[in-house]
Amino acid sequence: MHGTRHLPLLRILLTTLLLVLGVTLAPSATAAAAPVRIMPLGDSITGSPGCWRALLWNRLQSTGYKNIDFVGTLNQQGCPHPHDGDNEGHGGELVTNVANQNLLPGRLAATRPDIVVMHFGTNDVWSSISPDTILAAYTKLVRQMRASNPDMKILVAQLIPMNPSGCTGCAQRAVALNARIPDWAQATSTSRSPVTVVDQWTGFNTATDTYDGVHPSAPGNEKIAARWYPALTSALDKDVPGDPGTPGGDPACTASFRAVSSWQSGYQGEVTVTNASTSFVNGWTATVVPAAGARLTQVWNGSLGTTADGRTTVGNASWNGTLAPGARTTFGFTADTPATAGSPSATVSCTARAALS
C-alpha cells in the first residue's frame, strides 16, 4: 500500500523526462462512437424473411453508413443475403395486440434502439380493425418508444398495397388507413422525437411486387428498401437524427387528404401541403392516388399533371408555392368514381423544392 503513494510522483517525473526528450504522452484513446441502433418493427413483411432489410443493410454499408446496428429480439428468419438480421418483425402479429398487451416495452429494453423503422398494421387491416383503433395503437407504441428513449426517431410506413384472394376488402381498407397516417404523424411528431412518414404504397404493384397479394417478392423487396433508404439516411445524417427541423437542411413537405363532399359518381377532395422543415421551400409537387379506380377531373389552386408511370400529380400554383417553415396551403379537386366505389379516399405524398438563395 505504501508504494502506491509514489505513483503520482513517478508519473510526473516520467512525463517531465519525456517532454525533455521531445516526446509527448498521447491522451487516453476515447471510445469509438457507439453505433446507431435501428429497430425494424412490424409483422411478417418485416420479419419473415423480410429480405428488404438485407437489401437496405447492404446499401447502407456500401454507401458509407457502417456505424449502425440493426437490433431486435429476433434474428434473420430465413433471408439468405448476408446482413445484420436482428429485427422485431413478428409474423402474424397485430399492432393493436402489441399495444393492448404491452409487448413492446420489454423488446425495447432488450435492444435499446435509437431509430425505429415501422411497417405495421397489415394483419389489423386484414382483421377489419378500424383506422382509428390502429392509429391509437400507433400512438401508444410511440409513447412507449419515447419512454425508452426520449430522443427516439421514428419512421412509419404507409403500408404496401394488399390484394389477397381471401380478403376482398383489404385493398380499400389499406388505402383508408394510409390516408390517415400523415395527419396522425404530424400531430404525434415532436422536435425531439420526430415521426417521419415513408410512402411505401405509391408505385407498389401487388401483381408484380408480391407473391400472394400481401408479402413482397424480390422486386417488392427492392422497392421497399429503396423507399426506406433516403428517410433513414436523412435520420443518420443529422446531428439530431431524423429531425426535419434542422436549420439549413433539405426542404421537406407533408400532404394530407380529406373528403369535402361526395355524390353518386364522384367526390370533392382537398389536400393540405405543409412545409415540414425549417427551410423555405420554393415549390412543391403532390402525388395523389385516389382509391377504387377514381380519377381526378379538375384541380384548383394547383396544376394537374402525371408522372412517367401514370400517377397523378398536382404542382403548386404561382401564388402558393413558397412556404415558410411550418406554413401550409391547400388545393382542391373533383374526382370521378366507378359505381362500385366506397367512401372517398386517396393516398397523397409530397416533394418540395428549395428556395433560391
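The structure we're discussing is the one just above.
Remember, it's a predicted structure, so these values are computed and weren't measured experimentally.

Rules used throughout
Residues numbered from 1 in each chain as written. Predicted model: local features only at pLDDT ≥ 70, side-chain atom pairs only at ≥ 80, totals over all residues. Heavy atoms only, no water. Pairing = 2+ DSSP bridges. Helix = DSSP H or I, 4+ residues; strand = E, 2+ residues; numbered from the N terminus. Axes fitted to C-alpha atoms, helices over the stretch in contact; angles between N-to-C directions. Polar contact = N/O pair within 3.5 Å; in protein donor to acceptor, adjacent residues only side chain to side chain. Contact = heavy atoms within 4.5 Å. Disulfide = S-S within 2.5 Å. Buried < 20%, exposed > 50% of the residue type's maximum accessible area, 1.4 Å probe, protein only.

A.B. asks: How do you make sense of the sheet that holds strand β10 (residues 295-300) when you look at a structure like this?
C.D. replies: Across a sheet, strands are paired by hydrogen bonds formed along the backbone, either parallel or antiparallel in direction. Strand order in the open sheet made by the four strands is β7-β8-β14-β10, with antiparallel pairing throughout. On the outer flanks of this sheet lie β7 (253-263) and β10, each paired with one strand and no other. On average, each strand axis in the sheet is inclined to that of its neighbour by 30 degrees, with strand direction left out of account. As paired strands, β10 and strand β14 (residues 328-336) are joined by five bridges and run antiparallel to one another. The residue of β14 that forms the bridge with Gln-298 is Thr-334.

A.B. asks: Is there a simple way to think about the side chain of Asp-199 in this case?
C.D. replies: In this structure, Asp-199 sits in strand β6 (residues 195-199). Within the structure, Asp-199 has its side chain in polar contact with the backbone nitrogen of Trp-201 (distance 2.9 Å). Engagement of the side chain of Asp-199 in a polar contact is seen with the side chain of Thr-202, the distance being 2.5 Å. Ignoring any residue separated from it by four or fewer positions in sequence, one finds Asp-199 in contact with Gln-158, Arg-227, Thr-347 and Ser-349.

A.B. asks: What should I look at first to understand the state of the cysteines in this one?
C.D. replies: What makes a disulfide is a covalent bond joining the sulfur atoms belonging to two cysteines. One pass over the full model with this rule turns up three disulfides. Across a sulfur-sulfur distance of 2.2 Å, Cys-51 and Cys-79 are joined as a disulfide pair. Handedness of the Cys-51-Cys-79 disulfide follows from its S-S torsion of about 125 degrees: it is right-handed. Placement of the pair is Cys-51 in helix α3 (residues 51-62) and Cys-79 in the loop between β2 (68-70) and β3 (88-89), with a sequence separation of 28 residues. Each member of the pair, Cys-51 as well as Cys-79, is classed as buried. The disulfide that involves Cys-167 links it to Cys-170, with 1.9 Å between the sulfurs. Judged by the torsion about the S-S bond (90 degrees), the Cys-167/Cys-170 disulfide is right-handed. On the basis of relative accessible area, Cys-167 is assigned to the buried category, the value being 6%. With a relative accessible area of 0%, Cys-170 lands in the buried category. Here the bonded cysteines of the protein are numbered in sequence order, and their pairing is 1-2, 3-4, 5-6.

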